[in-house]
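Residue-level structural notes
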Amino acid sequence: KTPYGEPSCPYEIEKIDDIEVLFLRRHGQKHSIPPHKVNYRANIYGFKHFGVERIFGVFATGSLNETITPGSIVIPDQIIDFTQGIRANTFYEGENVVHIDFTEPFCSETRHHLLETARKFGINVIPHGTYICVNGPRLETSAEIKFFKNIGADIIGMTIMPEASLAREVELCYAAVAVVANYAAGISKSPLTVKEVIETMKNSIDKVSFLIKETIKKLPKERNCLCQHALK
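Given the structure is predicted, the values throughout are model-derived calculations rather than measurements.

1. Some points on the overall build of the protein
In terms of helices and strands, the protein carries five helices and eight strands. Listing the helices and strands of the protein from first to last along the sequence gives β-β-α-β-β-β-α-β-α-β-α-β-α. In terms of principal-axis extent, the alpha carbons of the protein reach across some 45 × 45 × 35 Å. Out of the 232 residues belonging to the protein, those deemed buried represent 49%. Sequence-distant contacts in the protein: of pairs separated by 6 or more residues, those separated by 24 or more amount to 82%. Within the structure as shown, the protein displays about 12400 Å² of accessible surface, and the carbon and sulfur contribution to it stands at 52%. One way to put it: in the protein the 27 positive side-chain charges average out to a point 4 Å from where the 27 negative ones average out.

Printed below as a string of structure tokens:
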């Protein structure tokens, strides 16, 4: 339990070589928690409590860009947040008012090592992209997708915010690995289905898992980024 309630489920402890890693199923053990009901504050608080310093968020997303095909792996570098005012999105609601710098929402050092690992092992990834986060749980209208595309979004999902900004508030490094599961509404030539998302994720998950594991192995023990000083 945390001051913000219970996390999505128990944290699972794993080891990659001699590095201890915590894994959390964002949607719960049985995938029973919809995106707008995820307790993002409790989840991130739990990682901080256990001494985690870096977080890799994994996402299933839709593509708003015809050149980013289903099955692609994107390492996004920007976020547009359409969940503002809907989800609890800060740890600082008391006497302390905190305005974190979120110009670059992802840890530059962690992203660098993800991209270097992908190059080393010949894993084809898209090194840049803007993830637009919507509240859900419904999928989007074709007019909304057209609008989101026009304001610069490349991929769309429902879970990166406020997860990423909460990590910054507690000075954790955060990077994202997004799997494109389908084309978004109006871009896809056929109706969107959950089955399509699940099948595409299954086909990509081994590659994503390998990419993250190998990146974790090569991360320096000491962090050399600004994330650890975000509150200064």
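2. Digging into the sheet that holds strand E6 (residues 130-133)
As a general point, the strands of a sheet are linked pairwise by backbone hydrogen bonds and lie either parallel or antiparallel. Strand order in this open sheet of six strands is E4-E8-E3-E7-E6-E5, and the pairing throughout is mixed. Every other strand in the sheet has two partners, leaving strand E4 (73-74) and strand E5 (78-81) as the edge strands with one partner each. Sheet analysis places E4 next to strand E8 (residues 173-183), joined by two bridges and oriented antiparallel. The residue bridging Val74 from the neighbouring strand is Ala178, located in E8. Here helix H2 (residues 108-120) sits on the sheet in contact with strand E3 (54-63) and E8, set at roughly 50° to E8.

3. Structural notes on the nonpolar core
With 31 residues, the main nonpolar core has Ile44, Phe47, Ile55, Phe59, Ile160, Leu172 and Tyr174 as its most contacted residues. Taken together, the elements giving at least two residues each to this core come down to helix H1 (40-49), E3, E6, helix H4 (163-169) and E8. Take this core: its biggest share by element is four residues, from E8. In this structure, Ile44 is in contact with Ile55, Phe91, Glu163, Leu166, Ala167, Val170 and Leu172, ignoring residues within four places of it in sequence. Grouped together as the second largest cluster of nonpolar side chains are 19 residues, Ile16, Val21, Ile75 and Leu211 included.

4. Focus: a nonpolar patch on the surface
On the surface, Phe82, Phe147 and Ile151 cluster together to form a nonpolar patch covering roughly 260 Å² of accessible area. By secondary structure assignment, the location of Phe82 is in the loop between E5 and H2.

5. Observations concerning the environment of Glu140
Mapped onto the secondary structure, Glu140 falls in the loop between E6 and helix H3 (142-150). With 53 residues separating them along the chain, Glu140 and Arg87 place their C-alpha atoms 18 Å apart.

6. A short note on unusual backbone geometry
Put simply, Gly136 and Pro137 share a cis peptide bond, and its omega is 0°. Within the fold, Pro137 resides in the loop between E6 and H3. That bond from Met161 to Pro162 is cis: its omega, 5°, falls within 30 degrees of zero. Phi at Asp17 takes a positive value of approximately 55°, unusual for a residue other than glycine. Summarising the element assignment, Asp17 is placed in the loop between strand E1 (12-16) and strand E2 (19-23). Positive phi, close to 50°, is recorded for His31, a residue that is not glycine. Tracing the sequence through the fold places His31 in the loop between E2 and H1.

7. Section: the pairing of E6
Alternating residues of E6 divide into Thr130 and Ile132 and Tyr131 and Cys133, and every residue in both groups is buried. Sheet topology note: the E5/E6 ladder contains four bridges and is parallel. Bridge assignment links Gln78 to a residue of E6, and that residue is Thr130. On the question of chirality, the crossover connecting E5 to the parallel E6 by way of H2 is left-handed. Pairing analysis gives three bridges linking E6 to strand E7 (residues 155-157), with the strands arranged parallel. Looking at the pairing, Cys133 lines up with Gly157 of E7. The β-α-β motif built from E6, the intervening H3 and the parallel element E7 has right-handed crossover chirality.

8. A look at the pairing of E2
Looking at chain direction, E1 and E2 are connected through five bridges and run antiparallel. Each bridged residue has a counterpart across the sheet, and for Lys15 the counterpart in E2 is Glu20. The hairpin turn running from E1 into E2, its antiparallel successor, is two residues long, and Asp17 in that turn takes a positive phi close to 55°.

Cut-off values and rules
- Residues numbered from 1 in each chain as written.
- Predicted model: local features only at pLDDT ≥ 70, side-chain atom pairs only at ≥ 80, totals over all residues.
- Heavy atoms only, no water.
- Helix = DSSP H or I, 4+ residues; strand = E, 2+ residues; numbered from the N terminus.
- Buried < 20%, exposed > 50% of the residue type's maximum accessible area, 1.4 Å probe, protein only.
- Contact = heavy atoms within 4.5 Å.
- Areas by Shrake-Rupley, 256 points an atom, 1.4 Å probe, with all protein chains shown as cover.
- Lys, Arg positive; Asp, Glu negative; His and termini not counted.
- Charge placed at Lys NZ, Arg CZ, Asp CG, Glu CD.
- Pairing = 2+ DSSP bridges.
- Axes fitted to C-alpha atoms, helices over the stretch in contact; angles between N-to-C directions.
- Core = buried A, V, L, I, M, F, W, Y, C linked by side-chain atoms within 4.5 Å.
- Patch = residues over 30% accessible without salt bridge, like charges linked within 9 Å, V, L, I, M, F, W, Y side chains within 5 Å.
- Salt bridge = Lys/Arg side-chain N within 4 Å of Asp/Glu carboxyl O.
- Right-handed = clockwise from strand over helix to strand, strands pointing away.

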